[in-house]
Amino acid sequence: MGEKERQRLDKVLAHIGYGTRKEIKQIVKAGRVNVNGQVVKQADVHVWPYKDSIEVDGKQIIYREYIYLMMNKPPGCISATEDAVDKVVIDLLAPEHKTFEPFPVGRLDKDTEGLLLLTNDGKLAHMLLSPKKHVPKTYFAQIAGEVTEKDCEVFRNGIILDDGYRTLPSELIVLSSGLCSEIEVTIYEGKFHQIKRMFAAVGKRVVYLKRVKMGPLKLDIQLDLGQYRELSNEEIAALFNANKPK
Ligand code: URA
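Source: prediction; values computed, not measured.

What counts and what doesn't
- Residues numbered from 1 in each chain as written.
- Predicted model: local features only at pLDDT ≥ 70, side-chain atom pairs only at ≥ 80, totals over all residues.
- Heavy atoms only, no water.
- Helix = DSSP H or I, 4+ residues; strand = E, 2+ residues; numbered from the N terminus.
- Rg over C-alpha atoms; globule rule 2.2 N^0.38 Å.
- Buried < 20%, exposed > 50% of the residue type's maximum accessible area, 1.4 Å probe, protein only.
- Contact = heavy atoms within 4.5 Å.
- Areas by Shrake-Rupley, 256 points an atom, 1.4 Å probe, with all protein chains shown as cover.
- Pairing = 2+ DSSP bridges.
- Arc of directions from axis to C-beta.
- Salt bridge = Lys/Arg side-chain N within 4 Å of Asp/Glu carboxyl O.
- Near = heavy atom within 4 Å.
- Polar contact = N/O pair within 3.5 Å; in protein donor to acceptor, adjacent residues only side chain to side chain.
- Nonpolar A, V, L, I, M, F, W, Y, C, P; charged D, E, K, R; others polar.
- Domains from an automatic or database assignment.
- Disulfide = S-S within 2.5 Å.

A. Representation of the overall build of the protein chain. Within the protein chain, the secondary structure is distributed over 7 helices and 15 strands. For the protein chain, the C-alpha radius of gyration of 22 Å lies well beyond 18 Å, the compact-globule estimate for 246 residues. Taken over the C-alpha atoms alone, the protein chain extends approximately 70 × 40 × 30 Å along its principal axes. Across the 246 residues in the protein chain, those meeting the buried criterion constitute 43%. Looking at the protein chain alone, contacts between residues at least 24 apart form 64% of all its contacts between residues at least 6 apart. Accessible surface, the protein chain as shown: approximately 13500 Å² in total, 51% of it carbon and sulfur.

Okay, structure coming up:
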């Protein structure tokens, strides 16, 4: 629904979570809705969702078409809108956010934690996921075994995965090396199980994986596992700017 369009009042209220069209019809009929200071009793009147002053029970509504959420995805949860067996990230959202029908932008494995963007803005999701855009994604990981300078070089040069695909150059930083090493790695694509397969290709196993950054977006350290928040206007603008042709 664009800013330049007039829309049916019931559609506007349904989009931002005031109930089904039928429920909204009743709310409107009961005289609980006010448009520009006038009680409106017909749910099918057309309004300017961004410009008109619309109140329900005396409370002004703030219309918006899109929602942008940052979640700290917990392990054990699937990055999908529904699943026959497992809990999905959408199950963690409050009704006021679910009503916008957001979906996860890309996937993290069931056991992977960290930054997951959820939105109903298909255009932005498409831009961020487009293989041509090479949006960087940074992960923190714990690796069984010693990660070496040699591994960093191999990652820099691109690695041949189990299916013969050669990855784009990636940046591997060793934070600590030992029986269990800690690393940070940035990749510019998003192949299935990519980080795990990259380490498998150098004979090592990822034991813990967490995404900490996606494009300009950093995981908010205030978010506990399973928590989420809306993006700030600055964060949204940064995501769109990151995708502008340079
Ligand atoms: N790479 C993986 O192996 N798993 C993820 O969840 C993300 C990147």
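The discussion continues.
B. Representation of the sheet that holds strand S2 (residues 33-35). Taking strand neighbours across the sheet as the criterion, the 4 strands line up as S3-S2-S5-S6 in an open arrangement whose pairing is antiparallel. What marks the edges here is a single partner per strand, and that holds for strand S3 (38-39) and strand S6 (59-60). The pairing of S2 with strand S5 (residues 54-56) spans 3 bridges and is antiparallel. Within S5, the residue paired with Asn-34 across the bridge is Glu-55.

C. Broad picture of helix H7 (residues 233-242). When H7 is considered as a whole, its buried residues turn out to be Glu-235, Ile-236 and Leu-239. Buried positions in H7, seen along its axis, are confined to an arc of 100° and lie on one side of it. Exposed residues on H7 whose side chains face more than 90 degrees from its buried face are Asn-233 and Glu-234. Next to the buried residues of H7 lie strand S7 (68-73), strand S9 (113-119), helix H4 (122-129), strand S13 (205-214), strand S14 (217-218) and strand S15 (228-230).

D. Molecular detail of the pattern of salt bridges. The full count for this structure, using the stated rule, is 12 salt bridges. With a closest N to O distance of 3.1 Å, Arg-197 and Asp-163 form a salt bridge. Linking Arg-197 in helix H6 (residues 194-201) with Asp-163 in the loop between helix H5 (149-157) and strand S11 (171-176), this pair joins segments that are 34 residues apart in sequence. Relative accessible area serves as the criterion here: at 15%, Arg-197 is assigned to the buried category. For Asp-163, a relative accessible area of 53% puts it in the exposed group. The salt bridge involving Arg-229 is made with Glu-235; its shortest N-O contact spans 2.8 Å. Here Arg-229 falls in the partly exposed class, since its relative accessible area comes to 25%. By sharing partners, the salt bridges in this structure join Arg-8, Asp-10 and Arg-21 into a single network.

E. Structural context of the site of the ligand. Taken together, Leu-108, Asp-109, Thr-112, Tyr-139, His-193, Gln-194, Ile-195, Lys-196 and Leu-209 are the residues near the ligand. Asp-109 has a polar backbone atom sitting 2.7 Å from an oxygen atom of the ligand. Here the ligand loses 96% of its free accessible area of 240 Å² to cover by the protein chains. Top element by residues in the shell around the ligand is H6. It accounts for 3 residues. When the residues that make up the shell around the ligand are grouped by side-chain class, the tally is 4 nonpolar, 3 polar and 2 charged. Residue-level mapping places the shell around the ligand at the junction of two domains, with at least three residues from each of domain 2 (68-130 + 222-242) and domain 3 (137-214).

F. Focus on the state of the cysteines. Counted under the stated rule, the structure contains 0 disulfides. Note on Cys-152: no disulfide assigned, nearest cysteine sulfur contributed by Cys-180 at a separation of 16 Å. According to the relative accessible area criterion, Cys-152 is buried, its value standing at 3%.

G. Looking closely at the pairing of S9. Of all 7 residues that make up S9, 7 are buried, and the element is covered over most of its length. Relative to S9, strand S8 (residues 103-104) runs antiparallel, the two being bridged by 2 bridges. Considered in S9, the bridge of Pro-104 is made with Leu-118. In this sheet, S13 lies alongside S9 in parallel orientation, the contact comprising 2 bridges. Looking across to S13, one finds that Glu-113 is bridged to Lys-210.

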